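Chain by chain, the residues:
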Amino acid sequence: MDVSAHKKQQPLCIGILTTPDPKRQFSGNRENFIDLIKAGYEQGALVYVVTTSDLKLSGKQVQAYCYQLASKKWNKQLMPLPDVIYNRIPTRRLEIQSDVQRTIQACIRSKQVHLFNPFFFDKWTLFEWLDQSPEIRKYVPVTKQLSSQAVLESMLKRFPFIYLKPVEGKAGKGIMRLERITKKSGAQTYKLTMQETADSHYELFTNLSDVWNRIAENKKDENYIIQQGILLSNFNKRPFDLRALLQKTSKGTWSVTGIGARVAGKRSITTHVPRGGSIDDPARLLEKSFGPLKAKRILQRTRSTALLMANSVEQTSKQKLGEMSMDLGVDLDGRIWFFEANSKPMKFDEPHIRKKSLTRIIGYSVYLANKNKTK
Ligand SMILES: Nc1ncnc2c1ncn2[C@@H]1O[C@H](COP(=O)(O)OP(=O)(O)O)[C@@H](O)[C@H]1O
Ligand SMILES: [Mg+2]
């Protein structure tokens, strides 16, 4: 990638946007910031950290945190106003603060700087966005807002098991799984499994009102979605799913940077690594389940589906996006399902995906900086 293709004489400047932190100067994952700063260094771009309180678009310069590779120290110094702003405000709680919102909005309006990925997605809005056309909807499990016992009842009538997920959740936090079991006598039992740190436990109920009360107790006042459960393909009886990283390239179009697989922990209802899940190779897992030929086709379809969904999310969200991660499931028939997309992707542990992802952020930034910002 040729950063010198950048139209200005000075090097391309990328500001990693985060919030100030009284204890440690700025919030967010320093290791990840350093990785991007290094990638910028290798590709001839200047990358530094800017906080939402220091970013003033009226001046030509900003107070920024620069990382000295030799001394491994952060220095606060005046730097040119960035051409591109990579939003890595780490949490929703920080993102919704009014001064933070003001800075984000000012960046969106600004004619000088390009900000991408302005906000976190929330799970319900995401499903509203994707509910537009039958071509997109067919990849999305049936999803409703968990607003009443009646919704729970109607979803359980339609599907043998369902997932309950906090709208603003991540990393498996607060997820529950509810299964309807019909006994030989015809009686119904409900099995409610609740995800804990790395484990999960379940409780059995015979009465749906009791299930509803238990769920209400668990979810407290958080908003939840209720979703059709998908019987995922599995490896050694452990379900797995796929995590795709989608990014825009130096030509400004979406591309799949990489696809990884996560296998669920032994007693987990999700596949997250902190909850006992493990990383594996998607091709290997799919081959075990479907044989080499079908596995290859599924992987190709995963790529094209992920691209289709990314384009659709971007169009309907009306936000400027440069990257997203996506959780996709493959069911026992090899059908692909969309679980969620994340506008603040976590680091991919697969080294080849990680490396490419950093190069692409720089490449896309060059593309943005060379583009005239039109409103
Ligand atoms: N509808 C579902 N059917 C089957 N498994 C699901 C369903 N929804 C989520 N899961 C499992 O739980 C994991 C976490 O769900 P996800 O929607 O990605 O929430 P989080 O934001 O907590 O990561 C998924 O990667 C998948 O393994
Ligand atoms: Mg997820």
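By the naming in an unreviewed UniProt entry, the chain goes by Endospore coat-associated protein and is assigned to Paenibacillus chitinolyticus.

So, about the packing of helix H6 (residues 149-158) against helix H7 (residues 208-219). Helix-helix packing is described using two parameters, namely the angle between the two axes and the distance between the axes. Where H6 contacts H7, the two axes come as close as 10 Å, and the packing angle between them is 120°. As for the relative orientation of H6 and H7, their crossing is right-handed in sense. Contacts between H6 and H7 involve Gln-149, Leu-152, Glu-153 and Leu-156 from the former and Leu-208, Ser-209, Val-211, Trp-212 and Ile-215 from the latter. For the contact of H6 with H7, a count of residues per class yields 6 nonpolar, 2 polar and 1 charged.

Once that is clear, we can look at the side chain of Asp-54. Relative to the elements of secondary structure, Asp-54 occurs in the loop between strand E4 (46-51) and strand E5 (61-68). The exposure class assigned to Asp-54 is buried, which follows from its relative accessible area of 18%. Beyond its immediate chain neighbours, meaning those up to four positions away, Asp-54 contacts Val-62, Gln-63, Tyr-65 and Lys-76.

Looking now at unusual backbone geometry. For Asn-117, which is not a glycine, the phi torsion comes out positive at approximately 55°. As for its position among the elements, Asn-117 is in the loop between strand E8 (114-116) and helix H4 (123-129). Asn-117 sits in the buried class, given a relative accessible area of 0%. Phi angles above zero are rare outside glycine, and Lys-237 is one such case at about 70°. By the element assignment, Lys-237 lies in the loop between strand E15 (234-235) and strand E16 (238-248).

Before going further, it helps to spend a moment on the packing of helix H1 (residues 30-43) against helix H10 (residues 351-370). It is the contact of H1 with H10, at a shortest axis distance of 9 Å, that shows an interaxial angle of 65°. Considering the relative orientation of H1 and H10, their crossing is right-handed. Every residue of H10 that contacts H1 at Asn-32, Asp-35, Leu-36, Ala-39, Gly-40 and Gln-43 is listed here: Arg-354, Leu-358, Thr-359, Ile-361 and Ile-362. A class-by-class count of the residues in the contact of H1 with H10 yields 5 nonpolar, 4 polar and 2 charged.

Take the pairing of strand E12 (residues 188-195) next. Burial analysis of E12 places 6 of its 8 residues in the buried class, the great majority of the element. Pairing analysis gives 7 bridges linking strand E11 (residues 176-182) to E12, with the strands arranged antiparallel. Looking across to E12, one finds that Leu-178 is bridged to Leu-192. In this structure, the hairpin formed by E11 and E12 is closed by a connection of 5 residues, where Gly-186 is found at a positive phi of approximately 95°. The sheet contact formed by E12 and strand E13 (residues 200-205) spans 6 bridges and is antiparallel. Paired with Leu-192 across the strands is Glu-203, a residue of E13.

Let us look at the packing of aromatic side chains. What the rule picks out here adds up to 10 aromatic pairs. Consider the rings of Phe-127 and Phe-338, whose centres lie 6.1 Å apart with planes at 75°: the pair is edge-to-face. Linking Phe-127 in helix H4 with Phe-338 in strand E20 (residues 336-342), this pair joins segments that are 211 residues apart in sequence. With a centroid separation of 5.9 Å and an interplanar angle of 20°, the aromatic rings of Tyr-364 and Tyr-367 are classed as stacked. Placement of the pair is Tyr-364 and Tyr-367 together in helix H10, with a separation of 3 residues, close to one helical turn. For Tyr-367, a relative accessible area of 26% translates into the label partly exposed. An aromatic cluster of three or more residues is present, and its members are Phe-26, Phe-33, Tyr-65, Tyr-67 and Trp-74.

This next bit is on the sheet that holds strand E14 (residues 224-228). The strands that make up a sheet pair up through hydrogen bonds in the backbone, lying either parallel or antiparallel. Strands sit in the order E9-E14-E10-E11-E12-E13 across an open sheet of 6 strands; the sheet is antiparallel. Both outer strands of the open sheet, strand E9 (143-145) and E13, are each paired with one neighbouring strand and no more. Neighbour-to-neighbour, the strand axes of this sheet turn through a mean angle of 20°, independent of strand direction. Sheet strands touched by H7: strand E10 (161-166), E11, E12, E13 and E14. Its angle to E12, the strand with the most contacts, is close to 10°.

The next subject is the coordination of the magnesium ion (ligand 2). Around the magnesium ion (ligand 2), the protein contributes the donor atoms Asp-327 (OD) and Glu-340 (OE), at 2.0 to 2.1 Å from the metal centre. Here Asp-327, found in strand E19 (residues 323-330), pairs with Glu-340, found in strand E20; they are 13 residues apart in sequence, far enough to count as distant. An identical accessibility class is assigned to Asp-327 and Glu-340; each is buried.

Right, let's get into the nonpolar core. Within the largest apolar cluster, 38 residues are counted, with the highest numbers of intra-cluster contacts made by Leu-246, Met-309, Val-313, Met-324, Met-326 and Phe-338. If you list the elements that add at least two residues to this core, you get H4, E16, strand E17 (254-263), helix H8 (282-290), helix H9 (292-317), E19 and E20. For this core, the leading source of residues is H9, giving 6 residues. The residues contacting Leu-246, other than those within four sequence positions of it, are Trp-254, Ser-255, Val-256, Thr-257, Ala-306, Leu-307, Ala-310, Gly-322, Glu-323, Met-324 and Met-326.

Conventions adopted
- Residues numbered from 1 in each chain as written.
- Chains lettered and ligands numbered in written order.
- Predicted model: local features only at pLDDT ≥ 70, side-chain atom pairs only at ≥ 80, totals over all residues.
- Heavy atoms only, no water.
- Axes fitted to C-alpha atoms, helices over the stretch in contact; angles between N-to-C directions.
- Helix = DSSP H or I, 4+ residues; strand = E, 2+ residues; numbered from the N terminus.
- Left-handed = near helix turned anticlockwise from the far one by under 90°.
- Contact = heavy atoms within 4.5 Å.
- Nonpolar A, V, L, I, M, F, W, Y, C, P; charged D, E, K, R; others polar.
- Buried < 20%, exposed > 50% of the residue type's maximum accessible area, 1.4 Å probe, protein only.
- Pairing = 2+ DSSP bridges.
- Phe/Tyr/Trp six-rings, centres within 6.5 Å; stacked < 30°, edge-to-face > 60°.
- Donors = N, O, S within 2.8 Å, 3.2 Å for Na, K, Ca; no water.
- Core = buried A, V, L, I, M, F, W, Y, C linked by side-chain atoms within 4.5 Å.

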